[in-house]
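Residues per chain are reported as follows:
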Amino acid sequence: MTDNSRPARPVVLGQNQYGKAENRVVRITRDGGTHHIKDLNVSVALSGDMEEVHYSGSNANVLPTDTTKNTVYAFAKEHGIESAEQFGIHLARHFVTSQEPIRTARIRIEEYAWERIGAPDDGSGPAGAGEAQHSFVRKGQETRVTQITFDGEAWEVVSGLKDLVVLNSTNSEFWGFVKDKYTTLPEAYDRILATQVAARWRFNWSGDERRTPDWEKSYDQVRKHLLQAFAETYSLSLQQTLYQMGARIIDNRSEIDEVRFSLPNKHHFLVDLKPFGLENDNEIYYAADRPYGLIEATVLRDGCEPRIPVDLTNL
């Protein structure tokens, strides 16, 4: 009798994974009249002994994606959400250790920050408004992200942010570049430098036997150093600024070994006002959204190997 469960032709299954993407979970923690909010978008990807479900359709080793969704919500209740990283670690450990066919779990999380709406200073708010701190407004422009991967033995935590728009209105130049017959860009000795930062940084934490980083403090500090380096670097190129941002993070945060950036150059061009009899002394620009220069690079602690995928900042 012929076994029809395997392909007859020389075709084999390559890398595969499955799970539930973009599980939006909001956790409210009530501390009397003061509430705390964590707002996450959680994607689960599982891989392991999944050949038969592809070859024959047997679901014997398949944990339903609906179950992974339910686990996210149940864990938000059972474990709370101390940080995106810690929540992802709980999930990854659970899937790998509770299901024998699952060998690797990858958890990707986006976190949306909120800040409180303060009570009016003039006392015009309703009675009790100053005590009942339960009103929030979406905070900031960037989205915090993290990716946790666990294969039963080794952990990898890569966190970061995206959509953080920054601009220096001076202290930036761009000149001395290669010129050929197609070059029309003039040299600039005082220009606007603006970019929309996508960054990922890899922690050197590798398991429970090592002290776990303070994930919340680490994110705040990395963001601070990134912004300070951008503001304080007199830039002759966006590449130079990128390196200074990464180097400052590595120098100041011992828990991080690798940082990767994707920085689109948000071009600002001087408007020619001469037809109107006006002089434009680096005052009036038009902002071009595309096409844009795209600068990408990884900055590493000396002696460390790069492990952040080169396209991760583009996802």
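Refer to the structure above for everything that follows.
Given the structure is predicted, the values throughout are model-derived calculations rather than measurements.

Novice: So what exactly am I meant to see when it comes to the overall build of the chain here?
Specialist: Along the chain, the regular secondary structure elements total five helices and 12 strands. Its C-alpha atoms give the chain a radius of gyration of 25 Å, more than 25% over the compact-globule value 20 Å for 315 residues. By principal-axis analysis of the C-alpha atoms, the chain measures approximately 85 × 70 × 40 Å. Expressed as a percentage of its 315 residues, the buried residues of the chain come to 39%. When contacts within the chain are restricted to residue pairs at least 6 apart in sequence, those whose partners lie at least 24 apart make up 67%. For the chain, the exposed area adds up to about 18000 Å²; of that, 49% sits on carbon and sulfur atoms. Charge separation in the chain, taken as the distance between the mean sites of 36 positive and 46 negative side-chain charges, equals 2 Å.

Novice: Help me out: how do you make sense of unusual backbone geometry in this one?
Specialist: Peptide bonds are trans in most cases, and residues, glycine excluded, mostly fall at negative phi. In this structure, the amide linkage connecting Arg-290 to the following residue, Pro-291, adopts the cis form with an omega of -5 degrees. Here Pro-291 shows up in the loop between β11 (285-287) and β12 (293-300). The backbone phi angle of Asn-171 is positive, close to 60 degrees, even though this residue is not glycine. The residue Asn-171 is located in the loop between β7 (155-168) and β8 (193-203) in this model.

Novice: For this particular structure, what's the right way to read helix α4 (residues 215-232)?
Specialist: The α-helix winds at 3.6 residues per turn, so residues separated by three or four positions along the chain end up facing the same way. Here α4 is 18 residues long and its end C-alpha atoms lie 26 Å apart, about the 26 Å a rise of 1.5 Å per residue gives. Inspection of α4 places Trp-215, Ser-218, Tyr-219, Val-222, His-225, Leu-226, Ala-229 and Phe-230 among the buried residues, and these make up the whole buried set. Along the long axis of α4, the arc covered by the buried residues comes to 135 degrees, so they all point the same way. Here the buried face of α4 lies against α3 (84-98), β6 (143-150), β7, β8, α5 (238-252) and β9 (256-265).

The rules behind these values
Residues numbered from 1 in each chain as written. Predicted model: local features only at pLDDT ≥ 70, side-chain atom pairs only at ≥ 80, totals over all residues. Heavy atoms only, no water. Helix = DSSP H or I, 4+ residues; strand = E, 2+ residues; numbered from the N terminus. Rg over C-alpha atoms; globule rule 2.2 N^0.38 Å. Buried < 20%, exposed > 50% of the residue type's maximum accessible area, 1.4 Å probe, protein only. Contact = heavy atoms within 4.5 Å. Areas by Shrake-Rupley, 256 points an atom, 1.4 Å probe, with all protein chains shown as cover. Lys, Arg positive; Asp, Glu negative; His and termini not counted. Charge placed at Lys NZ, Arg CZ, Asp CG, Glu CD. Expected span 1.5 Å × (residues − 1). Arc of directions from axis to C-beta.

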